[in-house]
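Report on the structure
If you want the building blocks of each chain, they are given just below.
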Amino acid sequence: MGSANKTPLLILLLFSDLFICQILSEGVTKEEAKHLRDEVRKMFYHAFGGYMKHAFPHDELKPLSCEGEDTLGGYALTLIDSLDTLALLGDRESFSASVEWIGKNLRFDINKTVSVFETTIRILGGLLSAHLIASDYNTGMRIPSYEDELLHLAEDLARRMLPAFDTPTGIPFGSVNLVHGVDENESKITSTAGGGTLTLEFGMLSRLTNDPSKRLWARRSRINCCGANFSMLGLLWVVFEEVTKNAVLGLWARRSRINLVGAHIDVFSGEWTQKDAGIGTSIDSFYEYLLKAYILFGDEEYLFIFQEAYRAAMLYLHNDPWYVEVNMNSATLVWPLFNSLQAFWPGLQVLAGDIEPAIKTHAAFFSVWKRYGFTPEGFNLATFKVQQGQKSYPLRPELIESTYWLYKATRNPRFLDAGRDMLASLQYAARCTCGYCHISDVEFHQQEDHMESFFLAETVKYLWLLFDLAAGPDNLVENGPYPYIFSTEGHLLPATPQVSLVSEHCSYLGAYCRSSNLRQETFFSEAARDSAATNISESLTNTDAKILSLSDSRKSRSSGLIKGYCPGLTPAQRYGISYVASDDSPGEELSSTEPDTVVQNASTALVVSNQSSDSPASDADDDHKPREDQRAPQLDDETSQIVNVTSKEEV
């Protein structure tokens, strides 16, 4: 693990070319990179033009039959999802016309039940990203007649989704009706990704609106602070950012003793209904938004959770270079499967600064693409065959996204070659009459009459950025006025001072110790000297350093209402992240006996650091120590041969 002073390198890696050497692939010259970039541009307009001609204003295009279909809410989903791609391509005319049409015609007062997760990442994220581009002269795409119409629509949409968060755990329902709220028969089961992948969009909205109107909520909170464990009924004044943060904390508080989370949870009882832990389906973007929320908003609580979650994932899920699914409590192997959603992970590791394992894992994942021309939804690592019932490729962007990030970080020519192969596959097998088709069977390249909106929001965008970077970047992301974070839908969210400068603020109930009265009390924070807090604090701004003082001569202030520290607490307790024990049978839990020696994960991640050897471990930390005898299960001999073959590729 990296030392504390390496944390700022995360920002350098994300926002600069510090680690880039100017090398192009032997097979992809600079001129060819320009041609490939132009080919991707034509790919976008073939699909976008087909949608506008044959499907608009329906949600998505049926590219074989050249018809439209409503798949989410019937509000021009593909157009909204494509807005920032139009801006990225410099298409001022289409971008302006699209923003104008949406501002005049789009309404959300429709009696439809929609997915909170999909509506947030596709619609809310698309509106916010386009607003930030259209309203800012510095982007070069400012629309003179624009008067914040998209921002008003985004706020209206978010308000209509707020009833989904009214649960005892703070974890939202999976669906909500845009007029009537949550139906009484709505399922109480939601995925971890569905509840934990809302922070960027809702947080951005809070910071753009400075929303003065706050909704009063009543919820029962389980608090573990200063050694006290008690329940209370609190009336919480919450806004967009706070409800989504509460959802993340609600999920994390229910993690297992080895810091893994399951795939599905009951939003009322907080009980896990599916306890398979992994980095793919139903969990993937939970990890992604922990790190990205820290980078975008500067909230160190997200960083602390990410550090713990990432360390556990690398210890229990990583079977170099693959990742498997295990039981969240016992780390017992459940499923030796690569699913296509895992392919985002190497890109996330680039943001975390953990490059070496990212390169190895990307090579393994790309070997599956080369075998079939696409990545199937599921690939069995025990049989080395496509998983039955998971043979499709719905134009997913994750592997292309990771390819872009790895090329951006290393300029290794292998990633350009990979991008060229992916483009060739899409052009050869997925292109159809009016757009690009799902591949229903990767073994036979059978086409299906559907084109997801994320093909234009992400897949094409990351391909274009990859080749534009090689050709000599001239775009908003690489040369724009701000560093940008990509949402899980590929939408551009700028780290402007308005968004990213952290100020002291009241947080969720139970986040800090409650004093015996409301008068502000002053004391020394002894726990602030541990290495984890040091690692976090050194990545913050000067303003934050004053708040998170690590010096013995500084004093931290704390009260029941004001941000501060409880004396003598571990980081987990200090940040208000309590462990909620499950009611699982004893056989499923780990043994309570700790081994004499704990082998720490030897990773090079810059934002994930172990405690130094001279740091005393507290009792609270012991509950979450990695167990040496509970590492990621090893695959059988046949599968190990696959791993070895993949690992031998030139890095």
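No experiment lies behind these values; they were computed from the predicted model shown.

Reading the values: the criteria
Residues numbered from 1 in each chain as written. Predicted model: local features only at pLDDT ≥ 70, side-chain atom pairs only at ≥ 80, totals over all residues. Heavy atoms only, no water. pLDDT = per-residue confidence, 0-100. Contact = heavy atoms within 4.5 Å. Pairing = 2+ DSSP bridges. Helix = DSSP H or I, 4+ residues; strand = E, 2+ residues; numbered from the N terminus. Core = buried A, V, L, I, M, F, W, Y, C linked by side-chain atoms within 4.5 Å. Buried < 20%, exposed > 50% of the residue type's maximum accessible area, 1.4 Å probe, protein only. Phe/Tyr/Trp six-rings, centres within 6.5 Å; stacked < 30°, edge-to-face > 60°. Lys NZ or Arg CZ within 6 Å of the ring centre and 35° of its normal. Salt bridge = Lys/Arg side-chain N within 4 Å of Asp/Glu carboxyl O. Disulfide = S-S within 2.5 Å. Axes fitted to C-alpha atoms, helices over the stretch in contact; angles between N-to-C directions.

Turning next to the confidence of the model for the chain. Overall, the prediction assigns the chain a mean pLDDT of 78, with 69% of residues at 70 or greater. Segment residues 211–238: pLDDT under 50, and 67 contacts once partners within four positions in sequence are set aside and those in other chains are kept. Below pLDDT 50 for its whole length, residues 637–651 participates in 24 contacts with residues either more than four positions away or in separate chains.

On the basis of which strands lie adjacent, the open sheet formed by 3 strands has the order β15-β16-β17 and antiparallel pairing. A strand with exactly one partner marks an edge of an open sheet, and here the two such strands are β15 (337–339) and β17 (385–386). Direction of pairing for strand β16 (residues 378–380) relative to β17: antiparallel, over a ladder of 2 bridges. Looking across to β17, one finds that Phe379 is bridged to Val386.

Here we come to the nonpolar core. If you look at the biggest cluster of nonpolar residues, it comprises 171 residues, and the most contacted ones within it are Phe95, Leu127, Leu260, Tyr287 and Trp345. The element that contributes the greatest number of residues to this core is helix α16 (residues 454–471), accounting for 12 residues.

Two numbers describe a pair of aromatic rings. These are the distance of the centres and the angle of the planes. Per the counting criterion, the structure on display carries 28 aromatic pairs. Taking the centre distance of 5.9 Å and the plane angle of 70° together, the rings of Phe286 and Tyr287 count as edge-to-face. Geometrically, the ring pair formed by Tyr462 and Phe486 is tilted, given 5.3 Å between the ring centres and 50° between the ring planes. Here Tyr462 is found in helix α16, whereas its partner Phe486 is found in strand β20 (residues 484–486), with 24 residues between them in sequence. Phe486 matches Tyr462 in its accessibility class, with the two residues each being buried. An aromatic cluster is defined as three or more aromatic residues linked by ring pairs; in this entry it consists of Phe286, Tyr287, Phe306, Tyr310, Tyr323, Phe344 and Trp345. In this structure, Arg142 is placed above the aromatic ring of Tyr137, and the distance from its NZ or CZ to the ring centre is 5.0 Å.

Here the focus is the environment of Tyr407. In this fold, Tyr407 is placed in helix α14 (residues 398–410). The sequence separation of Tyr407 and Val350 amounts to 57 residues, and the corresponding C-alpha distance is 10.0 Å.

What follows deals with the pairing of strand β18 (residues 438–441). Where a strand is regular, its side chains alternate between the two sheet faces. Pairing of β18 with strand β19 (residues 446–448), which is carried by 3 bridges, proceeds in the antiparallel orientation. Of the residues in β19, the one forming a bridge with Asp441 is Gln446. The hairpin turn running from β18 into β19, its antiparallel successor, is 4 residues long, and His445 in that turn takes a positive phi close to 55°.

So, about the pattern of salt bridges. Tallied over the full model, the rule gives 23 salt bridges. Residue Arg122 is joined to Glu452 by a salt bridge in which the shortest nitrogen-to-oxygen separation is 3.2 Å. Placement of the pair is Arg122 in helix α5 (residues 116–134) and Glu452 in the loop between β19 and α16, with a sequence separation of 330 residues. With a shortest N-O distance of 4.0 Å, Asp320 and Lys360 are connected by a salt bridge. Note that Asp320 is positioned in the loop between β11 (318–319) and β12 (322–323) and Lys360 in helix α13 (residues 355–372), a separation of 40 residues in sequence.

Summed over all chains, the structure comprises 2 disulfides. Note on cysteine connectivity: Cys66 is disulfide-linked to Cys434, with sulfurs 1.7 Å apart. The disulfide joining Cys66 to Cys434 has a torsion of about 80° about its S-S bond and is therefore right-handed. A residue pair is termed long-range when its members are at least 10 positions apart, and Cys66 in the loop between β1 (60–62) and β2 (67–69) and Cys434 in the loop between α15 (413–430) and β18 qualify at 368 residues. Residue Cys66 shares its accessibility class with Cys434, and that shared class is buried. Here Cys432 engages in a disulfide with Cys437; their sulfurs sit 2.3 Å apart. Classification of the bridge connecting Cys432 and Cys437 rests on its S-S torsion, roughly 105°, and on that basis the disulfide is right-handed.

In space, the 3 strands of this open sheet follow the order β5-β8-β9, with antiparallel pairing throughout. This sheet does not close on itself; its edge strands, each paired only once, are β5 (189–191) and β9 (272–274). The mean angle between the axes of side-by-side strands here comes to 35°, regardless of whether they run parallel or antiparallel. Examined bridge by bridge, β5 and strand β8 (residues 264–266) share 3 bridges and lie antiparallel to one another.

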